[in-house]
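# Structural overview
This is what each chain is made of:
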Amino acid sequence: MAFYFDEPSHTFNEYLLVPGYSDQNCIPDNVSLKTPLVKFNKKKKEKSSLSINIPMVSAVMQAVSDDKMAIALAKEGGISFIYASQSIQNQADMISRVKSYKAGFVTSDSNVRPDQTLEEVIALSKKTGHSTCAVTEDGTAHGKLVGIITSKDFRISHCKPNSKVAQYMTTLSDMVTGQEGITLSKANEIIWNKKINQLPIIDKKGNLVSLVFRKDYATHEIHPLELLDSNRRYIVGAGINTRDYMDRVPELIKAGADVFVLDSSEGYSYWQAKALKDIHKTFGKNIKVGAGNVVDEDGFNFLAEAGADFVKIGIGGGSICITREQKGIGRGQATATIEVAKARDKYYKKTGIYIPICSDGGIVQDYHITLALAMGADFVMLGRYFARFDEAPSNKLVVNGNYVKEYWGEGSNRARNWQRYDLGGKKSLSFEEGVDSYVPYAGHLHDGISVTLRKITHTMCNCGALSISELQQKAKLTLVSQTTISEGSAHDVIVKNTSMQS
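This structure is a prediction, so every number in the text was calculated from the model and none was measured. (Residues numbered from 1 in each chain as written. Predicted model: local features only at pLDDT ≥ 70, side-chain atom pairs only at ≥ 80, totals over all residues. Heavy atoms only, no water.)

A word on the sheet that holds strand E6 (residues 79-82). Spatially, E5-E6-E14-E15-E16-E17-E19-E20 is the arrangement adopted by the eight strands of the closed barrel, whose pairing is parallel. The average undirected angle you get between the axes of adjacent strands in this sheet is 30°. Seen against the sheet, helix H8 (residues 270-283) touches strand E14 (237-240), strand E15 (259-262) and strand E16 (289-294) and runs at an angle of roughly 175° to E16. (Pairing = 2+ DSSP bridges. Helix = DSSP H or I, 4+ residues; strand = E, 2+ residues; numbered from the N terminus. Axes fitted to C-alpha atoms, helices over the stretch in contact; angles between N-to-C directions. Contact = heavy atoms within 4.5 Å.)

Right, dumping it as structure tokens:
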């Protein structure tokens, strides 16, 4: 006879936190959001070999996690898992770009040839949002530098649009440059001493390597939580599948990937256990691999025994996921998180090994992140949230007079990531488990995530907690009725401004 759970499963929207006592030290500036990413022997008082400074990671999705997002999120203290539904070489190249990126040294994304027109410069500036264009012989980011042109070098109302860049650019002979290998502090010293806005860095052959901008001088002050490895490179993760991992993983290791995750809609399977064992046996125990997704104690224990370094929770809760609708399988995300957290704690008491868990999906409002953490998650994985920002790889469009970003699921016909839904059969997408959609555009990642983190830390203080582990110990949660949910929003008034974002 089939097994029936006694209670219905619940979503985050059905819970609220009940305030706890806040003492005089319980202020947002004192809150630490640092959290372990991979397993460790907690009973022996070991520390996790890889932690993140904020409990947020970006989803393994084409519309979310590329190298640009990985750099932006690492600056904020989180980590991106670059999507696997692309060629091994393309994914490795993205990883390499993250690991070779030096904070303050920016690869130019606005480049023109000297024979191009001012009209083309303006179009490029509108596309990238940057007013400075490097002028190289071949118009590439690493071509031979011949000059630079900015919006201050010409007034289009006084110039012919088809005028050549060469007529208006500042030529190399009149520019100050730095040589490859220069330190960031030395580059900034030149910028300030020479009173210039940017310093091109060139190699011995005169090829452009990168640009250092005056405005980026205070980068670390703006991003005090940036996530760096022992060589002060940004930390980056990579998604992998259960089909080509033996070919993909070694190339991604060479590229510098710090951690992996098996990207699958359902992780309680022979294929995930085999992949975990094969990877650790072949490439060593120091290779960190998360697994999932699961929604109950059995699924967690299975992956824990198979060697998962962290476990992801959630089936069908994502905003673009239609797995529940298509297959009738899944569980409410709040209930799944609570149950897997209990399993994690039981496993720790039995073995001494603490395996972090990640709540993936079902987060609509910012406060749902705090709820997930209070329910036992060590961090959360977000797709829709990050897809809204400039740093996501999808296009920004105007739809019905509003700016939006494209956002599509890995199980959609657009992505056709059949490996994510692989059950060991035919190599194709049998039917859709995701949709193609739009999300409201939300500007720069730094601005949006700063607001979200403030909400989390303020709520934690309301609960009397200064760390995620303390929140999990002290949190008091209550189920709410539909009427309570309605009461929690503005009601019985005419709201003047309805454009507030969650």
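Within the structure shown, the criterion is met by 16 salt bridges. Lys 99 is the salt-bridge partner of Asp 258, the closest N and O atoms lying 2.9 Å from each other. Here the residue Asp 258 occupies a position in the loop between helix H7 (245-255) and E15, and Lys 99 occupies one in helix H2 (residues 88-100), the gap between them amounting to 159 residues. Judged by its relative accessible area of 24%, Asp 258 falls in the partly exposed class. Lys 274 is the salt-bridge partner of Asp 278, the closest N and O atoms lying 2.8 Å from each other. Linking Asp 278 with Lys 274, this pair stays in helix H8, spanning four residues, or about one helical turn. By sharing partners, the salt bridges in this structure join Lys 99, Asp 229, Arg 233 and Asp 258 into a single network. (Salt bridge = Lys/Arg side-chain N within 4 Å of Asp/Glu carboxyl O. Buried < 20%, exposed > 50% of the residue type's maximum accessible area, 1.4 Å probe, protein only.)

With the rule as written, the count across this model stands at 11 aromatic pairs. Ring geometry for Phe 40 and Tyr 354: centres 5.6 Å apart, planes at 45°, overall tilted. Of this pair, Phe 40 sits in strand E3 (residues 40-41) while Tyr 354 sits in strand E18 (residues 353-354), and the two are 314 residues apart along the sequence. When its relative accessible area of 13% is taken as the criterion, Phe 40 is described as buried. Owing to a relative accessible area of 7%, Tyr 354 belongs among the buried residues under this scheme. (Phe/Tyr/Trp six-rings, centres within 6.5 Å; stacked < 30°, edge-to-face > 60°.)

Turning our attention to the pairing of strand E9 (residues 145-150). Taking burial as the measure, the six residues of E9 include six buried ones, the bulk of the element. Two elements, strand E8 (residues 132-136) and E9, share five bridges in a ladder whose sense is antiparallel. By the bridge assignment for E9, Thr 136 is matched with Leu 145. In this sheet, strand E10 (residues 170-171) lies alongside E9 in antiparallel orientation, the contact comprising two bridges. Its bridge partner being in E10, Gly 147 is matched across the sheet by Thr 171.

Moving on to the pairing of E15. Burial along E15 is two-sided: the residues Val 259 and Val 261 and Phe 260 and Leu 262 are all buried. Examined bridge by bridge, E14 and E15 share four bridges and lie parallel to one another. Each bridged residue has a counterpart across the sheet, and for Gly 237 the counterpart in E15 is Val 259. In the classification by handedness, the crossover that spans E14, the intervening H7 and the parallel E15 is right-handed. (Right-handed = clockwise from strand over helix to strand, strands pointing away.)

According to the stated counting rule, one finds zero disulfides in the structure shown. As a non-bridged cysteine, Cys 463 has Cys 26 as the owner of its nearest cysteine sulfur, 8.8 Å distant. Judged by its relative accessible area of 6%, Cys 463 falls in the buried class. (Disulfide = S-S within 2.5 Å.)

Turning our eyes to something else, we now look at empty space enclosed by the protein. Inspection of the entire model under this criterion finds two cavities of 30 Å³ or more. The volume enclosed by the largest cavity comes to roughly 50 Å³. Of all the secondary-structure elements, those providing two or more residues to the lining of the largest cavity are helix H12 (366-374) and helix H13 (384-387). Here the residues of the lining of the largest cavity are counted per class, giving five nonpolar, two polar and three charged. (1 Å grid on protein atoms, 1.4 Å probe; cavity = no way out; pocket = protein on both sides within 12 Å on 5 of 7 lines; lining within 4 Å. Points joined across faces, edges and corners; volume = space filled by probe spheres on them. Nonpolar A, V, L, I, M, F, W, Y, C, P; charged D, E, K, R; others polar.)

Quick look at the sheet that holds strand E12 (residues 198-202) now. Through backbone hydrogen bonds, the strands of a sheet pair up, either in parallel or in antiparallel fashion. The mixed open sheet is built from three strands, whose spatial order is E11-E12-E13. Strands with a single pairing partner mark the edges of an open sheet, and in this sheet they are strand E11 (178-179) and strand E13 (208-213). Here E12 runs beside E13; their pairing, made up of five bridges, is antiparallel. Counted as the bridge partner of Pro 200 is Leu 211 from E13. Strands in contact with helix H5 (residues 184-194) are E12 and E13; relative to E13, the strand with the most contacts, it is inclined by about 65°.

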